[in-house]
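# Descriptive structure summary
As a plain string of letters, each chain reads:
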Amino acid sequence: MSNDIKGVLTAIVTPFDADGALNLNALKRQINRQLDAGNGIFCGGTNGEFFVLNEQEKIAVTETCVAEVAGRANVVAHIGEISTRETIRLGKQIEKLGVDAVSVITPYFVPLKQGELIAHYTAIADALSVPIFLYNIPARTGNTLEPQTVRQLAAHPNIIGIKDSAGSYESLSGFLNAVKEFDNFDVLNGPDSLIHQGFVDGCSACISGLANVAPKQINAIWSRFNAGDIAGSFLAQESVTGLRTDLYKVAFSPAAVKKALQILGHDVGESRYAVHFTEQQQQQIRQIVTQYLQ
C-alpha cells in the first residue's frame, strides 16, 4: 500500500499538571522521547483522553505536537465527535495545523446502522481536505465498522485507511482481506498484542498506547520486521505482549499507562476521568515496570 504513514505511531498521552490543566511542556518532552525511539505521533486519541478534553485543548495538543515534531515524523490527530457536524467543525480547525492525517472514531453512545456510518464518514471526507483514517473500537463506542462497510468507504479518495482497535485477529484480518485490492488504503493495527502479526499480514503501521511506556521495545517490533528480521520482530513482540498482559490486568489504559510513566519518572499527571489506584495496584504496576523495563 502506498501511503507514507508507516511503522509505529505512539498514541501519546495528554499530560496534566497538579491542578488537572494541560501540561504542554511535559507533552513536548514525551514527544521528543518518542521521536528518539523512531516513533511518530498519534494525538488526541483514547490514550490521549480525548473524551475529557474540550475543543480548545484538543487544538492546543495537536498544535503542540505538530510544532514539536517539526516534520521529523508523522503526526495524526483524532477528531471524532458524536455528531457529523461537530466532527467536521473540529476537523476544519485541526487540518489547518499541518497534521499528516486525521482519525475519526465511530460515533459513540448512539447505536448506528452501517448505512448511517457510511453517510457519516462520507460527509466528513467530503468536507475536509486532510486525509482521513476510520477508527474502529467497538468495545468503547458500541458501534462496529463491518469489513464490507470499510470496503465501500475505501473507494472515497480522501479516506486512506482504518485504525482497528477491536482487539481481535479476526477483526484485523477481516479488514485486511476486505480492502486488499485498494492500493491507497491502509490498515493500521491498534492492539499492542497484534503488532507483529499485523505487519506480517500487511498492516502499514501500528498505533500503540504501550509505546508511551516502552517506546524502544515497541519500535523494535517494526524496525526488525522492516529490516527483514522476522524472527527478531516476533521475539520483540513476545516481550511486549507480556508487559501488556500484566499491566492491563491491573487497570485499563490510559490510566495504567500514565501510572507506569509516573513510576518511570515522567511528569504526566493523573488521568482526568474517575479512576483511582489503590496502594496495592500501584505496587503491582511498580513491580511490572521493574520486571519488564528496568
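Residues numbered from 1 in each chain as written. Predicted model: local features only at pLDDT ≥ 70, side-chain atom pairs only at ≥ 80, totals over all residues. Heavy atoms only, no water.

### Topic: the sheet that holds strand β7 (residues 186-189)
What counts, and what does not: One requirement defines pairing of two strands: DSSP has to find at least two bridges between them. Starting at the N terminus, helices and strands are each numbered in turn, a helix being any DSSP run of H or I of at least four residues and a strand any DSSP run of E of at least two. Throughout, an axis means a line fitted to C-alpha atoms (over the contacting stretch in the case of helices), and angles, computed between N-to-C directions, take values from 0 to 180 degrees.
Taken in spatial order, the eight strands of this closed barrel run β1-β2-β3-β4-β5-β6-β7-β8, and their pairing is parallel. Across the sheet, the mean angle separating the axes of adjacent strands is 25 degrees when strand polarity is ignored. Pairing of strand β5 (residues 132-136) with strand β6 (residues 159-164), which is carried by five bridges, proceeds in the parallel orientation. Counterpart to Phe133 in the pairing with β6 is Gly161.

### Some words on empty space enclosed by the protein
As a reminder, the rule being used: Definitions used throughout: a 1 Å grid over protein atoms alone; a cavity as a set of points that fits a 1.4 Å probe which cannot get out; a pocket as an open set with protein on both sides within 12 Å along at least five of seven lines; a lining residue as one with an atom within 4 Å of a point. Grid points are joined across faces, edges and corners, and a volume is the space filled by probe spheres set on the points. Each residue gets one label: Ala, Val, Leu, Ile, Met, Phe, Trp, Tyr, Cys and Pro are nonpolar, Asp, Glu, Lys and Arg are charged, and the others, such as Gly, are polar.
Counting across every chain of the model gives one cavity of 30 Å³ or more. Size it by volume and the largest cavity reaches roughly 40 Å³. Lining the largest cavity are Ala214, Gln217, Ser239, Val240, Leu243, Tyr292 and Leu293. For the lining of the largest cavity, the secondary-structure elements that each account for two or more residues are α10 (230-250) and α12 (279-293). The leading source of residues in the lining of the largest cavity is α10, at three residues. Its residues assigned to classes, the lining of the largest cavity shows five nonpolar, two polar and no charged.

### A word on the UniProt feature "active site" (unreviewed entry) in the protein
The following threshold applies: UniProt positions are given in the numbering used here, feature names are shortened, and annotations may be inferred rather than shown by experiment. Three labels apply to residues, based on accessible area from a 1.4 Å probe with only protein chains included: buried if under 20% of the type maximum, exposed if over 50%, partly exposed otherwise in between. Throughout, a residue-residue contact means that at least one pair of heavy atoms, one from each residue, lies within 4.5 Å.
Mapped onto the present numbering, the UniProt feature "active site" (unreviewed entry) falls at Tyr135 and Lys163. For the residues just named, distributed over 29 residues, the greatest C-alpha separation is only 4.7 Å, placing them together at one site. Lining of the largest pocket among the annotated residues: Tyr135 and Lys163. Inspection of the secondary structure puts Tyr135 in strand β5. Assessed through its relative accessible area of 1%, Tyr135 is described here as buried. With residues up to four places along the chain from it excluded, the contact list for Tyr135 reads Phe42, Thr46, His78, Ser103, Val104, Ile105, Thr106, Tyr121, Leu145, Lys163 and Ser165.

### So, helix α7 (residues 169-178)
The buried count for α7 comes to seven of 10 residues, which makes it a mostly enclosed element. Looking only at α7, the buried set comprises Ser171, Leu172, Ser173, Gly174, Phe175, Leu176 and Ala178. Where α7 is buried, its residues contact β5, α6 (147-153), β6, β7 and α8 (195-201).

### Notes on the environment of Ala21
You can see Ala21 is positioned in the loop between β1 (7-11) and α1 (24-36). Between the C-alpha atoms of Ala21 and Leu53, which are 32 residues apart in sequence, the distance is 10.0 Å. Beyond its immediate sequence surroundings of up to four residues, Ala21 is in contact with Pro15, Phe16 and Arg272.

### As for the pattern of salt bridges
Formally: By definition here, a salt bridge exists when the distance from a side-chain nitrogen of Lys or Arg to a carboxyl oxygen of Asp or Glu is within 4 Å.
Per the stated rule, a full pass over the model turns up seven salt bridges. The partner of Lys258 in a salt bridge is Glu49, with the nearest N and O atoms 2.9 Å apart. Here Glu49 lies in the loop between β2 (40-43) and α2 (55-69) and Lys258 lies in helix α11 (residues 255-263), a separation of 209 residues in the sequence. Classification of Lys258 by relative accessible area gives buried; the value is 1%.

### Some remarks on the packing of aromatic side chains
The cut-off we apply is this: To pair, rings of Phe, Tyr and Trp, with the six-membered ring standing in for Trp, must have centres within 6.5 Å; the planes then decide the type, stacked if under 30 degrees apart, edge-to-face if over 60, and tilted in the middle.
Counted under the stated rule, the structure contains eight aromatic pairs. Ring centres of Phe50 and Tyr108 lie 6.1 Å apart, and the angle between their planes is 70 degrees; this geometry places the pair in the edge-to-face category. With Phe50 in the loop between β2 and α2 and Tyr108 in the loop between β4 (101-105) and α4 (114-127), this pair connects stretches of sequence that are 58 residues apart. Classification of Phe50 by relative accessible area gives buried; the value is 6%. Measuring from ring centre to ring centre gives 4.8 Å for Phe199 and Trp222, while their planes differ by 50 degrees; the resulting arrangement is tilted. On the criterion of sequence distance, the pair formed by Phe199 in helix α8 and Trp222 in helix α9 (residues 215-226) is long-range, its members being 23 residues apart. With a relative accessible area of 17%, Trp222 lands in the buried category.

### Points about the UniProt feature "binding site: pyruvate" (unreviewed entry) in the protein
The positions UniProt marks with the feature "binding site: pyruvate" (unreviewed entry) are Ile207. Within the fold, Ile207 resides in strand β8 (residues 205-208). Beyond its immediate stretch of four places on either side in the chain, Ile207 contacts Leu9, Ala11, Phe42, Lys163, Leu188, Asn189 and Gly190.

### Considering the pairing of β2
As a reminder, the rule being used: Orient the strands so they point away from the viewer; a crossover is then right-handed if the path from the first strand over the helix to the second runs clockwise.
By the alternation rule, side chains of β2 split into Gly40 and Phe42 and Ile41 and Cys43, which are all buried. Of the pairings in the sheet, the one linking β1 to β2 comprises three bridges and is parallel in character. When the sheet's bridge partners are listed, Leu9 is paired in β2 with Gly40. Viewed along the sheet, the connection from β1 through α1 into β2 turns out right-handed. In terms of strand pairing, β2 meets strand β3 (residues 75-78) through three bridges, oriented parallel. Looking across to β3, one finds that Ile41 is bridged to Val75.

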